[in-house]
Amino acid sequence: MSAVAMTAMAHGLQRCEGCALLSRPAPGATHGECPRCGEELSFRKHDSVQRTWAFLIAAAVCYVPANLLPVLTTHTAAGAESDTILQGVVLLWSPTGWPLSLIVLFASIMIPSGKIVALGYLLLSVQRGSIQHGEQRVRLYRLVGFIGRWSMVDVFVDTFTAALVQLQPLMSVSPAPGLVFFAAVVVLTMLAVESFDPRLIWDPVTASGVRHA
Ligand SMILES: [Zn+2]
């Protein structure tokens, strides 16, 4: 079976972001309202590429202090010591603590940087009008969105670690400035994923008339 892929946009139909109803805007209007739920309609998310870039660049900027500044301060009788995420990974590494160390390494360092690189690649490919690997790029976008929901695991792990440390007498843990930047990276990458419109991946493919099986 081979047919030129036709999009709803090519038929002049808009999909509601709120209830997924397809409808046709009034003649001459580019924006309308969903007849079912009243949500504002547009063919694509507003300024998707620019907004996604803005959130992504902000996330990349915050990623630097999130890793360079201490995230936790440990207070003991001997004094206070502040640790960055990477120092925390090294400190946790022990015959019994290595699984926790690996979780912090993945959740705090590798996943956020991987998300930033993946979204940057998706944006560049859309801006270049690439018609290659559309399906893989959509899968990558879904993966980034899926991982985003698990980013909060790290907050849980940090709290858990702090609780373990608190069990030792005369010791306490408090958040340090790096934690604010880390939370900003998590929120900004989530906003970047939300802003990106995966339908943009297919626009150049449809325009080029490539046939799909
Ligand atoms: Zn609707």
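A. Molecular detail of helix H3 (residues 98–127). A rise of 1.5 Å per residue sets the reference length of H3, with its 30 residues, at 44 Å; its end C-alpha atoms lie 42 Å apart and thus fit the reference within 8%. Of all bends in H3, the biggest is about 35 degrees, found at Met 110, and the proline Pro 112 comes one to four residues later. Taken from the residues just after H3, Gly 129 is the one with a positive phi, measuring 70 degrees.

B. Structural context of the coordination of the zinc ion. Coordination of the zinc ion by the protein is provided by Cys 16 (SG), Cys 19 (SG), Cys 34 (SG) and Cys 37 (SG), with metal-donor distances spanning 2.2 to 2.3 Å. Taken together, the 4 donor atoms coordinating the zinc ion span angles of 99 to 116 degrees at the metal, a pattern that classifies the geometry as tetrahedral. Taken in sequence order, the residues that donate to the zinc ion follow the motif C-x2-C-x14-C-x2-C. Overall, the relative accessible area of 4% leaves Cys 34 in the buried class.

C. Looking closely at the pairing of strand S7 (residues 79–83). Alignment of strand S6 (residues 72–76) against S7, held across 5 bridges, turns out to be antiparallel. By the bridge assignment for S7, His 75 is matched with Ala 80. Counted between consecutive antiparallel strands, the loop separating S6 from S7 contains 2 residues.

D. Representation of the pairing of S6 within the structure. By the bridge criterion, 4 bridges tie S6 to strand S8 (residues 172–175) in an arrangement that is antiparallel. Residue pairing for S8: Thr 74 is matched across the bridge by Val 173.

E. Structural context of the sheet that holds S7. Read from one edge of the open sheet, 3 strands run S7-S6-S8, paired in antiparallel fashion. Here the strands that pair on one side only, and so sit at the sheet edges, are S7 and S8. Strand-to-strand twist across the sheet, computed as the mean angle between neighbouring axes with direction ignored, equals 25 degrees.

F. Region of the structure containing the packing of helix H2 (residues 85–92) against H3. H3 packs onto H2 with a crossing angle of 165 degrees between their chain directions and a minimal axis gap of 8 Å. In terms of axis orientation, H2 runs roughly antiparallel to H3. H2 and H3 meet at a crossing whose hand is left-handed. Residues Ile 85, Leu 86, Val 89 and Leu 92 of H2 form the contact with H3, whose own contacting residues are Trp 98, Leu 100, Ser 101, Val 104, Leu 105, Ser 108 and Ile 109. When the residues that make up the contact of H2 with H3 are grouped by side-chain class, the tally is 9 nonpolar, 2 polar and no charged.

G. Just the pattern of salt bridges, in detail. A complete count under the given rule lists 2 salt bridges for this structure. Its salt-bridge partner being Arg 139, residue Glu 135 comes within 4.0 Å of it at the nearest N-O pair. Of the two residues, Glu 135 and Arg 139 both sit in helix H4 (residues 134–148), 4 residues apart, roughly one turn of that helix. Close ionic contact of Asp 197 with Arg 199 constitutes a salt bridge, the shortest N to O distance being 3.0 Å.

H. Main features of the packing of aromatic side chains. Counting across every chain of the model gives 1 aromatic pair. Ring geometry for Tyr 141 and Phe 196: centres 5.3 Å apart, planes at 50 degrees, overall tilted. With Tyr 141 in helix H4 and Phe 196 in the loop between helix H6 (178–195) and helix H7 (203–208), this pair connects stretches of sequence that are 55 residues apart. The exposure class assigned to Tyr 141 is buried, which follows from its relative accessible area of 13%.

I. Spatial organisation of unusual backbone geometry. The phi torsion at Ala 20 lies on the positive side, around 70 degrees, for a residue other than glycine. Tracing the backbone shows Ala 20 in the loop between strand S2 (14–15) and strand S3 (22–23). Unusually for a residue other than glycine, His 133 sits at a positive phi of about 50 degrees. Within the secondary structure layout, His 133 lies in the loop between H3 and H4.

J. Representation of the environment of Asp 203 within the structure. Looking at where Asp 203 falls in the secondary structure, it is placed in helix H7. Discounting chain neighbours no more than four positions away, the residues touching Asp 203 are Met 9 and Arg 44.

Rules and cut-offs
Residues numbered from 1 in each chain as written. Predicted model: local features only at pLDDT ≥ 70, side-chain atom pairs only at ≥ 80, totals over all residues. Heavy atoms only, no water. Helix = DSSP H or I, 4+ residues; strand = E, 2+ residues; numbered from the N terminus. Expected span 1.5 Å × (residues − 1). Bend = angle between axes of the 7 residues up to and from the residue. Donors = N, O, S within 2.8 Å, 3.2 Å for Na, K, Ca; no water. Tetrahedral: all angles 85-135°; square planar, octahedral: opposite > 155°, others 65-115°. Buried < 20%, exposed > 50% of the residue type's maximum accessible area, 1.4 Å probe, protein only. Pairing = 2+ DSSP bridges. Axes fitted to C-alpha atoms, helices over the stretch in contact; angles between N-to-C directions. Parallel < 35°, antiparallel > 145°, perpendicular 65-115°, else oblique. Left-handed = near helix turned anticlockwise from the far one by under 90°. Contact = heavy atoms within 4.5 Å. Nonpolar A, V, L, I, M, F, W, Y, C, P; charged D, E, K, R; others polar. Salt bridge = Lys/Arg side-chain N within 4 Å of Asp/Glu carboxyl O. Phe/Tyr/Trp six-rings, centres within 6.5 Å; stacked < 30°, edge-to-face > 60°.

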